[in-house]
Amino acid sequence: MDIIASAHLAASGRSALATVAFIVVGLVLVGGLIWAFRLGHKIRTREPAPPKPHEQPRMPASGRTHESRTREPNEMPRATDGERLTAHELRTTGSRESADQRRPRWDEGSGGSFGSGGPGAG
């Protein structure tokens, strides 16, 4: 009984029209995707190729230039007598070069990146 009903529905004009419309829309979408990929490929072939290894920039023999290794935060100005600071009294935020430019070194008793020491710290 169910097979007969579905066969009757498939033979009706509305179902055939919907099937044809579905197939046409699918073909249009597939054609649009193919066109988009071809357009992208054409644009990519016009772009310059990535640089070869010998064309890459090299570090000068003297080492890095204009390098500041250590920075420290700017101090926030303090208000006196409990008054609030206004915007023009504040300095720019950010950081400045530290007076001590030695590289920070790892301490034997510290725990590394989080400073907790971890369970094995002694």
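Structure: see above.
A short tour of the structure in this document, coming up.

Parameters and conventions
- Residues numbered from 1 in each chain as written.
- Predicted model: local features only at pLDDT ≥ 70, side-chain atom pairs only at ≥ 80, totals over all residues.
- Heavy atoms only, no water.
- Helix = DSSP H or I, 4+ residues; strand = E, 2+ residues; numbered from the N terminus.
- Buried < 20%, exposed > 50% of the residue type's maximum accessible area, 1.4 Å probe, protein only.
- Contact = heavy atoms within 4.5 Å.
- Areas by Shrake-Rupley, 256 points an atom, 1.4 Å probe, with all protein chains shown as cover.
- Patch = residues over 30% accessible without salt bridge, like charges linked within 9 Å, V, L, I, M, F, W, Y side chains within 5 Å.
- Salt bridge = Lys/Arg side-chain N within 4 Å of Asp/Glu carboxyl O.

Digging into the overall build of the protein chain
Each helix and strand in the protein chain was counted, giving two helices and two strands. Reading the protein chain from its N end, one meets helices and strands in the order α-α-β-β. Taken across its 122 residues, the protein chain has 3% of its residues classed as buried. A fraction of 42% describes how many contacts in the protein chain between residues 6 or more apart in sequence connect residues 24 or more apart. Carbon together with sulfur atoms contributes 60% to the accessible area of the protein chain, which is approximately 12,100 Å² in total.

Quick word on the environment of Ala-79
Within the fold, Ala-79 resides in the loop between strand 1 (71-73) and strand 2 (95-97). Here Ala-79 falls in the partly exposed class, since its relative accessible area comes to 37%. On a C-alpha basis, the gap between Ala-79 and Glu-89 in space is 9.6 Å, while along the polypeptide they are 10 residues apart.

Topic: a nonpolar patch on the surface
A cluster of nonpolar side chains, contributed by Val-20, Val-24 and Val-28, occupies part of the molecular surface with about 270 Å² of accessible area. Here Val-20 lies in helix 2 (residues 13-46).

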